[in-house]
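Observations on the model geometry
Spelled out from the first residue to the last, the chains are:
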Amino acid sequence: MGTHPRGASVIAKTNTSLEQWISQNPECLGSKVMERFSGKLPFLFKVLSVNISLSIQAHPNKALAEELHRRDAAHYADSNHKPEMAIALSAFEGLCGFRPAAEIAEHLQTTAELQAVVGTDNVTSFVQAVHGSSGALSTAVSLQQCFAALMQCPRETVREKLASLESRLQTDAACNYSWCSTIAQPPAARLFLRLYKQFPGDVGCFAIFFLNHMKLKPGEAMFLGPNVPHAYLYGGV
């Protein structure tokens, strides 16, 4: 519900667009919102029921959103940035932002298939950055290189390594992860197997080793700021 150009809400009784109605009744926004946002509704309200995991996304900040809209309004109809506040209506799971660097390094070092798609040199550089080795790149720069390498890895290589990891983790799962040697953390292994079942061969299955796995109870929330990678996995928000 909102005034987005590609899906503006309509007042049922009058068939008037919500944007037009607000322009005629600006006091409905309240004085502070009306002044700060020039009489525009500053948010888009959504209710989502997620049964199959949604894609990983990241939204631009305000300056970039305005620039993209200026350059290509056909594809970027809205000049606003899109930070999100996801409030759980039921038990909810999502991915939000990057895990602590040490945790990512552990996954990279203990998961051979992940190393293969990210690249040994990138993994070594990131581990050195995490440990503060002399002459190492910053952790942020090295993380960017690792994540970019993952996303740009050839699809056939991604599919091959995902299938290999899935096979090994299924073996561990059969043993209830009592001797889990193929991955550092069983919770990540369980999440991987769930997502692989939904989207076999999708690079997003590897992305879970980089991103925080959030579990919310009803009434709890998570904030998704500009440039923060995120995905909704399951539940109502």
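Quick note: structure is the one above.
Throughout what follows, the structure given in this document is the object of discussion. Position labels on residues start from 1 in each chain and follow its written sequence. Only residues with pLDDT of at least 70 get local features here, since the model is predicted, and only at 80 or more are side-chain atom pairs given and counted; chain-wide, interface and lining totals rely on the full set of residues. Note: side-chain values were computed over all heavy atoms of the structure, leaving out hydrogens and water.

Brief notes about the layout of surface pockets
Think of a ball as big as a water molecule: rolled over the atoms, this probe shows where empty space is left. Short version of the rule: We place a 1 Å grid over just the protein atoms. Points where a 1.4 Å probe fits but has no way out form a cavity, open points with protein on both sides within 12 Å along at least 5 of 7 lines form a pocket, and any residue with an atom within 4 Å of a point lines it. Grid points are joined across faces, edges and corners, and a volume is the space filled by probe spheres set on the points. Only DSSP runs of H or I covering at least 4 residues are called helices, and only runs of E covering at least 2 are called strands; the numbering of each starts at the N terminus. Only Asp, Glu, Lys and Arg are considered charged in this grouping, and only Ala, Val, Leu, Ile, Met, Phe, Trp, Tyr, Cys and Pro are considered nonpolar; every other residue, Gly among them, is considered polar.
Computed from the structure, the largest pocket encloses a volume of approximately 1,500 Å³. Considering the residues around the largest pocket, the lining is formed by 44 residues, among which Phe43, Leu44, His81, Lys82 and Pro83 are closest to the centre. Mapped by element, the contributors of at least two residues to the lining of the largest pocket are α3 (62-71), β4 (84-87) and β8 (230-236). Residue classes in the lining of the largest pocket are distributed as 24 nonpolar, 12 polar and eight charged. If you add up the space inside the second largest pocket, you get close to 210 Å³. Every residue lining the second largest pocket is counted, 15 residues in all, and those nearest its centre are Leu54, Ser55, Ile56, Asp202 and Gly204. Sorting the residues of the lining of the second largest pocket by element identifies α10 (204-207) and β8 as the ones contributing at least two each. Of the residues contributing to the lining of the second largest pocket, the split by class is 11 nonpolar, three polar and one charged.

Notes on the nonpolar core
Our working rule: Only buried residues count toward a nonpolar core, which is a set of Ala, Val, Leu, Ile, Met, Phe, Trp, Tyr and Cys residues joined through side-chain atoms within 4.5 Å. The buried label goes to any residue with under 20% of its type's maximum accessible area, the exposed label to any with over 50%, and the partly exposed label to all in between, with areas taken from a 1.4 Å probe on protein chains only. Note on contacts: a residue pair is in contact if any heavy atoms of the two residues lie within 4.5 Å.
If you look at the biggest cluster of nonpolar residues, it comprises 35 residues, and the most contacted ones within it are Leu108, Leu114, Val118, Phe192, Phe206, Phe209 and Phe210. Counting only elements with at least two residues in this core, the list comes to α4 (101-110), α5 (112-118), α6 (120-130), α7 (139-152), α8 (155-174), α9 (186-198), α10 and β8. Leaving out residues up to four positions away in the same chain, Leu108 has contacts with Leu114, Gln115, Val118, Val123, Phe126, Cys146 and Phe210. Counting 10 residues, the second largest nonpolar core, distinct from the first, contains Ala86, Cys96, Leu216 and Val237.

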